[in-house]
Structures are given as C-alpha cells and as structure tokens.
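Observations on chain architecture
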Amino acid sequence: PKVCMIINSIAVGMCISIIPFIVSSFVNNDKKELNQKFNQAINTILYISIPLALFINAFGASVYSIFYKDVEYGGVVLGVNAILSIVFSVQMIMDMMLQSMKNYKLVYINTAIGLITNIILDIPIIVFLNDMGFHPYIGTIIASMIGQTVSILIIFIGSKKKYGFEFKSILKVLFQILLSSSIMLFVIFMLKNLKPEFNGTLDKFISLFIFGFISIGIYVLITYALGTMKAVLGEDFISNITNKFKKKST
C-alpha cells in the first residue's frame, strides 16, 4: 500500500484543482459544465493511474525488491494492489466531488454498499482461488476491488438519475488509455527480454528508471497523437507545454 500510494497521490493531486470549478458550476446550477468537470476529473485519474499501475504490475518483483527485499509473493501482491489503486483513486475523487456538491447521501450509500460487498466476498473469493489453484491471498484484494467497483457504479447511476450526467466521454478516453498503455507495455516487454538480468538493488533501480523514462515517452506520444491528452488535460495546458518547448528550442 505504501508504494501504491504513489499512484493515488499523483492521480488525486492532478484532480484537486478541478474541485473549485465543480463547486462553482454546482452553485450556478450549470449542469452541463458540472458534468464536463466531473468527467474530466475521472478521466484525469484514469490517464495518470492506469499506466502507472500497469508499469508497477509489470515490474512488481523488482519494485518490491528495491523497497523491501526479495520475497516469493511480494511482486504478485504489489502488482494486484497497483490495479486496486486505480479503482480506489476513482472512487476517492468521485466521493470528493459528491461532497463538494453536498450530495452526502450518495456518498454514504455507495460507501456502505461497497464495504458490505467487500465483507461478503472476502472469504468466498479466497476459498475459490485456493480451490482453483491460484494464490488465495490475493482474494482480499480482489474483493476490495469488486466492492469499490460496485461503489463507483452506484455513483454513476445516482449521478445520472439526479443530475442527468452522461459518461460517454469517459468510455472513449478509457479505451484510448488502455490502447496506449497496451502498446507501451508491449514495447517495454520486448526491451525487457533483450536486457541482461540485473540482481543488485542499484542495478534494478537504474533499470526501472530507464524503463520508466521510456514508458512515459511512449505513453505521452501515443496519447498526444490520439488526442487523449488534449481531451483530458485541456487544450490550454497542452499549448503551455508546447510553447515552453518551442521557446527552449529557439
């Protein structure tokens, strides 16, 4: 969880600036802009957290070894927790937005139902995974993931019913993010098979840094080409970044 909090911190940190605009739109009863900012916050979370989580999942054993030590199940637990952090970040920012819209009732309902779902599924999933020959200890993480997913679905349904929100843009951005992340992982795995095996902590750290730098470059280029970056971060943000690079080049 300590390592995965990096994902949550970066993702949520990127969304905090959107909250005041949500409050402003809510006060002005501008449901169209409120829907837009609501979707933008979720898209920002997905844009940041998905590639980070997948990268940690792919290099779970090495990341765990650097921060702690070589443990047989460390990489698996870290990898599954990284995926869980995506769902956790989305639910957290959605609850924050609901609270800024003074919809505390929906926050209480989705949290309670998600928690109950988690509690009910914990032991059955552990037993099921054990019977199927999989690692049973990840059952609690999967139960948490399902519980939080249920909470998110309740928020979507409640928001659509009360405010008339539409979420088609989220599905489009999610598809583009998954496509970009898949290409990123494919290239990284190809490069990973070409490199020699590193055993020392410093070697693993340098290797992760290089692969991380390459991953960011691939992901940013693909999402920029697809227009995902502009859709998520906004045209003004992209223009400011490109202008800074143009000034440096001149």
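This write-up is about the structure you can find in this document.

Conventions used here
- Residues numbered from 1 in each chain as written.
- Predicted model: local features only at pLDDT ≥ 70, side-chain atom pairs only at ≥ 80, totals over all residues.
- Heavy atoms only, no water.
- Salt bridge = Lys/Arg side-chain N within 4 Å of Asp/Glu carboxyl O.
- Buried < 20%, exposed > 50% of the residue type's maximum accessible area, 1.4 Å probe, protein only.
- Core = buried A, V, L, I, M, F, W, Y, C linked by side-chain atoms within 4.5 Å.
- Contact = heavy atoms within 4.5 Å.
- Helix = DSSP H or I, 4+ residues; strand = E, 2+ residues; numbered from the N terminus.
- Arc of directions from axis to C-beta.
- 1 Å grid on protein atoms, 1.4 Å probe; cavity = no way out; pocket = protein on both sides within 12 Å on 5 of 7 lines; lining within 4 Å.
- Points joined across faces, edges and corners; volume = space filled by probe spheres on them.
- Nonpolar A, V, L, I, M, F, W, Y, C, P; charged D, E, K, R; others polar.

Attention now moves to the pattern of salt bridges. Once the charged atoms of two side chains with opposite charge are near each other, the side chains can pair. Tallied over the entire structure, the rule returns one salt bridge. For Glu 166, the salt bridge goes to Lys 160, with nearest N and O atoms at 3.1 Å. Residue Glu 166 is classed as partly exposed on the basis of its relative accessible area of 40%.

We now examine the nonpolar core. Membership of the largest hydrophobic core comes to 65 residues, with the highest contact counts inside it found for Phe 38 and Met 94. Those residues in contact with Met 94 that lie beyond four places of it in its chain are Phe 38, Ile 42, Ile 152, Ile 155 and Phe 156.

Moving on to helix H2 (residues 19-27). Those residues of H2 that sit buried are Ile 19, Ile 22 and Ser 25. Along the axis of H2, the buried residues cluster in a sector spanning 120°; they form a single face. More than 90 degrees from the buried face of H2, the exposed residues found are Pro 20 and Val 27. Buried residues along H2 sit against helix H1 (5-15), helix H3 (31-58) and helix H5 (74-100). Note on H2: the residue one or two positions beyond its end, Asn 29, has a positive phi of about 60°.

In this structure, Ser 25 sits in helix H2. When near neighbours in sequence (up to four residues on either side) are disregarded, Ser 25 contacts Asp 30, Glu 33 and Leu 34.

Volume-wise, the second largest pocket comes out at about 340 Å³. Lining the second largest pocket are 14 residues; nearest its centre among them are Leu 46, Ile 152, Phe 156, Ile 170 and Leu 174. Those elements that place two or more of their residues in the lining of the second largest pocket are H3, H5, helix H7 (139-163) and helix H8 (168-194). When residues of the lining of the second largest pocket are assigned to their parent elements, the largest contribution, four residues, is made by H7. Of the residues assigned to the lining of the second largest pocket, the class counts are 13 nonpolar, one polar and no charged.

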